[in-house]
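A structural walkthrough
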Amino acid sequence: MMKKYLSLLCTSLMAGILLASCSIDPSESSGKNSEESKPISTPTAEQSLYDVFECDFSDSIGVAQHEREYEFADRAKYDSQQPQKSVNVTVNGITYQGTWSMTQYSGCNYYPVHTYNADGVSFAVDESGRLTSYWYGRSDLQNIKTKDECVAVARDFISDKIDLSQYEMTVETDEERKLYDITFRKFIDKIPTADAASVCIAYSGELYSYSSWMLGRVSTNMTVSETMIKDVRASVYEKMETIYENAKKHYSKIEYSEELLQITTLKDGRNAFVSIMEVDCIESHSEYDEVISERVEFVIPLK
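Rules and cut-offs
- Residues numbered from 1 in each chain as written.
- Predicted model: local features only at pLDDT ≥ 70, side-chain atom pairs only at ≥ 80, totals over all residues.
- Heavy atoms only, no water.
- Helix = DSSP H or I, 4+ residues; strand = E, 2+ residues; numbered from the N terminus.
- Expected span 1.5 Å × (residues − 1).
- Buried < 20%, exposed > 50% of the residue type's maximum accessible area, 1.4 Å probe, protein only.
- Contact = heavy atoms within 4.5 Å.
- pLDDT = per-residue confidence, 0-100.
- Polar contact = N/O pair within 3.5 Å; in protein donor to acceptor, adjacent residues only side chain to side chain.
- Salt bridge = Lys/Arg side-chain N within 4 Å of Asp/Glu carboxyl O.
- Pairing = 2+ DSSP bridges.

As for helix α3 (residues 226–243)
Given a rise of 1.5 Å per residue, 18 residues ought to cover 26 Å, and the 26 Å separating the end C-alpha atoms of α3 matches this to within 8%. Turning to α3, its buried residues are Met228, Ile229, Asp231, Val232, Ala234, Ser235, Val236, Tyr237, Lys239, Met240 and Ile243. Each element contacted by the buried residues of α3 is listed here: β2 (53–57), β10 (191–202), β12 (253–265), β13 (271–284) and β14 (288–301).

Here it is in structure tokens:
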């Protein structure tokens, strides 16, 4: 008899988006490897070639041996800096005077971003005052633009923030919300980096929202080989085996799959891989399998 499957969905661990937008953090979406997530088999490469540090987890599996070993935030440098209580920014020719709302570190950012509210608009700036996100969240759909026209609006908006020739662009269509989500991301030897921005344009051609992560801050002064990727994955696998060693005693089987592998630059200037792994702990019953899932994030500094 074919088994029925019961999946217990668990809260995702990853850092939230700085401001509400039409897309999730590119580091968890368009930045994924081009190949679909797939179970990781036991690596045959030499083990422990890289140090692997656990930096976040959803903590859904209580018997797993989790320990938060690394934090992207450079608190020693930035935590003593106080945000301005009021900031002016100009977006598409309109100047907004924002009142400080909160300060947070987001995603792989080692620097904080300061969020401000102004006249129904939210925006954020980094420590230098550069705009890192903007949320307008409304549009006039009486005048509809073509997809190419909307993409041109996004390219024009981002062009004063990045060198477009160094980024790859992808366009996703949200038909229900009448939005185009245009992502600009830097790659190194076909591996995505955390250096990315998402520009959401309404079908009317209006800027709906903008978010960025590590924009212009990831060093491309490196090369990536198949051997390097293989060894990084082998090191992550070994780390996973240590974390879930005790959990294996409580479940019928445990399966790993790689959700994301990307490159970032750390607060000490080194480049590193960031790996996000999906874990399924499976308890087999006679008629069904009970599955508890969680996600674990690792940073693997390069030597």
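Overview of the confidence of the model for the protein
Per-residue confidence for the protein averages 87 on the pLDDT scale, and 84% of its residues sit at or above 70. Scored below 50 in pLDDT, residues 1–38 shows 108 contacts in the model against residues more than four places distant or in partner chains.

Re the side chain of His114
Here His114 is to be found in strand β5 (residues 113–118). A polar side-chain atom of His114 sits 2.7 Å from a polar atom in the side chain of Thr103. The residues touching His114, leaving out its near neighbours within four places in the chain, are Pro83, Trp100, Met102, Thr103, Phe123, Ala124, Val125 and Asp126.

Remarks on the pattern of salt bridges
Enumeration according to the criterion identifies 15 salt bridges in this entry. Taking the shortest distance from any N to any O, the salt bridge between Arg130 and Asp126 comes out at 3.8 Å. For Glu258, the salt bridge goes to Arg233, with nearest N and O atoms at 2.7 Å. Of the two residues, Glu258 sits in strand β12 while Arg233 sits in helix α3, which places them 25 residues apart along the sequence. With relative accessibility at 9%, the residue Glu258 sits in the buried group. A residue is classified by how much of its surface remains accessible, and Arg233, at 25% relative accessible area, is partly exposed. Here the salt bridges share partners, and the residues they tie into one network are Asp126, Glu127, Arg130 and Arg217.

Considering the side chain of Ser204
When you line up the elements, Ser204 lands in the loop between β10 and β11 (207–213). Owing to a relative accessible area of 8%, Ser204 belongs among the buried residues under this scheme. Polar contacts involving the side chain of Ser204 include one to the side chain of Glu206, which spans 2.6 Å. Setting aside its immediate chain neighbours within four residues, Ser204 contacts Ser139, Asp140, Leu141, Asn143, Ile144 and Lys145.

What about the pairing of β10?
Of all 12 residues in β10, 12 are buried; the element is thus mostly enclosed. Pairing geometry for β10 and β11, over six bridges, is antiparallel. Looking across to β11, one finds that Ile201 is bridged to Leu207. The hairpin formed by β10 and β11 contains four residues between the paired strands, and Gly205 there has a positive phi angle of roughly 90°.

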